[in-house]
Amino acid sequence: MLSLLHIENIAVIEQADIEFSDGLTVLSGETGAGKSIIIDSMGAILGRRTSRDLVRAGASKGFVSAIFNDLPQELTEKLQEYGLDGEEPDSVHIQRQLSADGKTVCRVNMKPVSVSVLRELSPYLINIHGQHDGQKLMDDDYHIEFLDSFAEVGSILAEYQPLYHKLLAMKRQINELERSEHDRLERIDLLSFHLEEIEEADLTDGEEETLTERKHFFDNAGRLARALAEARDALDDEDSGVCTLMEQASNTLLDVGDVSDGLKNIADKAEELKYLVCDLRDAIAEEQGRIEFSPSEQELVESRLDEIYRLEQKYGATIGEVLAYAASCRAELETLQSADERRDALRVEYRQLLSQAKELAQELSRCRKDAAARLEERIVAELSELDMAKVRLAVQVETGTKLTIRGLDTVSFLISVNPGEDLKPLSKVASGGELSRVMLAMKNVLTAREPVGTLIFDEIDTGVSGRAAQKIAKKLKQIGAQKQTLCVTHLPQIAAMGDHHLLISKSVEGERTYTSVVPIADGQRVDEIARMLAGEEITENTRTNAQELLAHAEALKKGTA
């Protein structure tokens, strides 16, 4: 149960330390005093979403801390699972710091955790029932959640819902494959054409460079032949060619080379030049022999280059890119051509999963229908203690054929509040006060088997007065005898029934608003209940009425009333 709540710089609360005890604790105060801030602070501890506006104006950070004792076994095991167990095995200390910039820091037993961990722990700490729960009761879509909680089908749902999500994903895949069949066939035709065109070309990486070099040769073949012929004539003419003249010069110098060493060197150089010139002549002659100009070959080279250029314009800037595109075409074609097989395989798997999901959904239906009768009986019994003895309630479970996230069922709560009236949807016939009592009855039934240690009822007295208020107060007292119960209320009947009473009040000092939370008893409690009875003007009569209300509540607690 919750034993201590510390609030610092949260909205209008600068600082508050609130101690809680077991039994029924009521919280009262003027409208706007800050009761909702205390509930919001508890929500922060439970990992609920918070707003940066919750931080008190002028403060950079807000802080909420709570200590829980007498932990349920399930919470102790969860703390051990996360490695968050503290020095005291039957206690847990939770802190949450809120920054004005939106950042948040959470700790459990002084160890940092994420907000999601707080949410994991919250079902074992506090169950808050507020006005939004009454709104859920008005919405048929939420009725199945109430029944499932009572039926304890969480394990079946945990097995069913992943299957359901997988079925949805598979159905989308199958539909996509079926819807895109025409596009798929068109794509196959296009890719096949592209691939065939590239494969028929039989391209070779590096081929274009070789062909370009050959074309360059053909483009310059005439000029090259003329140049080689003229050069050879200049070297090889019998009368005036360089070879003939060098041979003459070399022979002449050889005849006088023995005259001196200088002439010998000149004769050797002349003979060397003669051989070089003759080698150059032979190289030119050899090159002339290699020049073979074939118009048909030129035509083939130019035609091949044209074909390569056309493919590069369509499929890639180079032969390498064209071949890479062809490889991607093959891979995509393989995928597209196997789509029929994939679709058929998906259909087979879908049918198998659908069969499993339907079996689980049918099991859910059996559990719900069995639990519905028991839930009806329990709620009607609770309502009879809340001044609704003539009420008839039916938990209607209708099983369809189409799977939803919760199976095959729709659940509706039907009610007849007056004898002789037909059962009708709860949202259409119940008044605000009746809804409050139905919700209280359901909460009492549903939380009885939950491991949560603390229940909070936030203004469940909407539309309730007189005898019904007295019945609700008595029921809250009964609940408080089983679990720690906190109730924010405007009803004096409920306030009088509390084992403990906390007064929330607001004051203005300077230009700042401050909220305080203090326990009250005896005379102060009489004044507060008198205020709840009469408003601002408290008279001796209202004080007397308040004292009588407290005395009656005390007698009810002792069973003497």
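Parameters and conventions
Residues numbered from 1 in each chain as written. Predicted model: local features only at pLDDT ≥ 70, side-chain atom pairs only at ≥ 80, totals over all residues. Heavy atoms only, no water. 1 Å grid on protein atoms, 1.4 Å probe; cavity = no way out; pocket = protein on both sides within 12 Å on 5 of 7 lines; lining within 4 Å. Points joined across faces, edges and corners; volume = space filled by probe spheres on them. Helix = DSSP H or I, 4+ residues; strand = E, 2+ residues; numbered from the N terminus. Nonpolar A, V, L, I, M, F, W, Y, C, P; charged D, E, K, R; others polar. Pairing = 2+ DSSP bridges. Contact = heavy atoms within 4.5 Å. Axes fitted to C-alpha atoms, helices over the stretch in contact; angles between N-to-C directions. Phe/Tyr/Trp six-rings, centres within 6.5 Å; stacked < 30°, edge-to-face > 60°. Buried < 20%, exposed > 50% of the residue type's maximum accessible area, 1.4 Å probe, protein only.

J.: Please clarify how the layout of surface pockets should be interpreted in this entry.
T.: Rolled over the atoms, a probe as big as a water molecule pinpoints where empty space is left. Roughly 840 Å³ of volume is contained in the largest pocket. Lining of the largest pocket is provided by 28 residues; of these, Pro 123, Asn 127, Ser 149, Lys 443 and Glu 450 occupy positions nearest its centre. Put simply, the parts of the chain that give the lining of the largest pocket at least two residues each are strand E8 (126–129), helix H4 (131–138), helix H5 (143–151), helix H6 (154–179) and helix H16 (432–447). With four residues, H5 is the single largest residue contributor to the lining of the largest pocket. Among the residues making up the lining of the largest pocket, the classes are represented as 11 nonpolar, six polar and 11 charged. For the second largest pocket, the calculated volume is near 240 Å³. As for the second largest pocket, its lining consists of 14 residues, of which Asp 141, Ile 144, Asp 409, Thr 410 and Val 411 are closest to the centre. Of all the secondary structure elements, the ones that give two or more residues to the lining of the second largest pocket are H5, strand E9 (392–404) and strand E10 (407–416). Per-class residue counts for the lining of the second largest pocket are four nonpolar, four polar and six charged.

J.: Any chance you could explain the pairing of strand E2 (residues 13–19) here in plain terms?
T.: Within a regular beta strand, the side chains point alternately toward one face of the sheet and then the other, so they alternate between its two faces. Where strand E1 (residues 2–10) lies against E2, six bridges are found, and the strand directions are antiparallel. Opposite His 6, over in E2, you have Asp 17 as the bridge partner. The hairpin turn running from E1 into E2, its antiparallel successor, is two residues long, and Ala 11 in that turn takes a positive phi close to 50°.

J.: I keep staring at the sheet that holds strand E11 (residues 424–425) and nothing clicks. Help me out?
T.: What links the strands of a sheet is backbone hydrogen bonding, and the strands pair in either a parallel or an antiparallel sense. Strand order in the open sheet formed by three strands is E9-E10-E11, and the pairing between neighbours is antiparallel. One side of each edge strand has no neighbouring strand; the edge strands of this open sheet are E9 and E11. In terms of strand pairing, E9 meets E10 through nine bridges, oriented antiparallel. Opposite Thr 399, over in E10, you have Asp 409 as the bridge partner. Docked against the sheet, H5 engages E9 and E10, running at close to 100° with respect to E10.

J.: Would you take a moment to explain empty space enclosed by the protein for this structure?
T.: One pass over the structure, following the stated rule, counts one cavity of 30 Å³ or more. Of the voids in this model, the largest cavity is the one considered here, and its volume is about 30 Å³. Around the largest cavity, the lining residues are Met 1, Phe 68, Leu 71, Pro 72, Leu 75, Tyr 124, Leu 125 and Gly 453. Taken together, the residues that form the lining of the largest cavity break down as seven nonpolar, one polar and no charged.

J.: Could you clarify how one ought to interpret the sheet that holds strand E7 (residues 111–113) in this entry?
T.: Read across the sheet, six strands follow the order E2-E1-E4-E5-E6-E7 without closing on themselves; strand pairing throughout is antiparallel. Because the sheet does not close on itself, it has two edges, and the strands there are E2 and E7. Sheet twist, expressed as the mean angle between neighbouring strand axes with direction ignored, is 15°. Sheet topology places strand E5 (residues 91–99) next to strand E6 (residues 104–108); five bridges connect them, and they run antiparallel. Bridge assignment links Arg 96 to a residue of E6, and that residue is Cys 106. Strands in contact with helix H1 (residues 35–45) are E1, E2, strand E4 (61–69) and E5; relative to E1, the strand with the most contacts, it is inclined by about 105°.

J.: Can you walk me through the packing of aromatic side chains in this structure?
T.: Aromatic ring pairs are described here by two measures, namely the spacing of the ring centres and the angle between the planes. The full count for this structure, using the stated rule, is three aromatic pairs. Note on Tyr 160 and Tyr 164: the rings are 6.0 Å apart at their centroids and 25° apart in plane angle, and the pair reads as stacked. Of the two residues, Tyr 160 and Tyr 164 are both situated in helix H6; the distance of four residues between them amounts to about one turn of the helix. Judged by relative accessible area, which is 14%, Tyr 164 ranks as buried. Residues Tyr 315 and Tyr 325 carry aromatic rings whose centres are separated by 5.2 Å and whose planes lie at 10° to one another, so their mutual orientation is stacked. Here Tyr 325 lies in helix H13 (residues 319–337) and Tyr 315 lies in helix H12 (residues 295–315), a separation of 10 residues in the sequence. Judged by relative accessible area, which is 23%, Tyr 325 ranks as partly exposed.

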